[in-house]
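Each chain, written out:
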Amino acid sequence: MVNLLISQLRTLVRGWEVGMAALAWLLIPLTAAIGAGLWGVWANRTRKARGDGPELDGYARFRAAMEKSHSGS
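Quick caveat: nothing in here was measured; it's all calculated off a predicted structure.

Participant: Can you help me understand the overall build of the protein chain in this one?
Facilitator: Within the protein chain one finds two helices and zero strands. With 73 residues in all, the protein chain has 0% of them scored as buried. Total accessible area on the protein chain is roughly 7,200 Å²; 67% of this is exposed by carbon and sulfur atoms.

In structure tokens, the structure reads:
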């Protein structure tokens, strides 16, 4: 009778270990999916609109510099 109880207890413990191992392996992709979702939310956040002023000013300065004639060649 005692041997039967011990063998049942061992089976229960082994089943619990297998279940915890499976749970650990399932938590890895779940954690990765949650992390990817958080990164996606952060990457697609609304940023403050700046307008095109600084970019157009820089382009105008670039064009003016390229239009200058160089006497070296």
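This is not the end of the story, as more comes after the structure.
Participant: Even after reading the chapter, I still don't get the pattern of salt bridges, so can you show me in this structure?
Facilitator: Under the criterion given, the structure shown has one salt bridge. With a closest N to O distance of 3.6 Å, arginine 63 and glutamate 67 form a salt bridge. Of the two residues, arginine 63 and glutamate 67 are both situated in helix α2 (residues 53–67); the distance of four residues between them amounts to about one turn of the helix. Note on arginine 63: relative accessible area 43%, which makes it partly exposed. Overall, the relative accessible area of 59% leaves glutamate 67 in the exposed class.

Participant: Any chance you could explain the packing of aromatic side chains here in plain terms?
Facilitator: The geometry of an aromatic ring pair comes down to the distance between the two centres and the angle between the two planes. For the coordinates displayed, the defined rule picks out zero aromatic pairs. A cation sits over an aromatic face here: arginine 45 above tryptophan 42, 4.3 Å from the ring centre.

Participant: Quick question: what am I supposed to make of a nonpolar patch on the surface here?
Facilitator: On the surface, Met20, Leu23, Leu27, Leu30, Ile34 and Leu38 cluster together into a nonpolar patch covering about 560 Å² of accessible area. By relative accessible area, leucine 27 is classed as partly exposed at 39%.

Cut-offs applied
Residues numbered from 1 in each chain as written. Predicted model: local features only at pLDDT ≥ 70, side-chain atom pairs only at ≥ 80, totals over all residues. Heavy atoms only, no water. Helix = DSSP H or I, 4+ residues; strand = E, 2+ residues; numbered from the N terminus. Buried < 20%, exposed > 50% of the residue type's maximum accessible area, 1.4 Å probe, protein only. Areas by Shrake-Rupley, 256 points an atom, 1.4 Å probe, with all protein chains shown as cover. Salt bridge = Lys/Arg side-chain N within 4 Å of Asp/Glu carboxyl O. Phe/Tyr/Trp six-rings, centres within 6.5 Å; stacked < 30°, edge-to-face > 60°. Lys NZ or Arg CZ within 6 Å of the ring centre and 35° of its normal. Patch = residues over 30% accessible without salt bridge, like charges linked within 9 Å, V, L, I, M, F, W, Y side chains within 5 Å.

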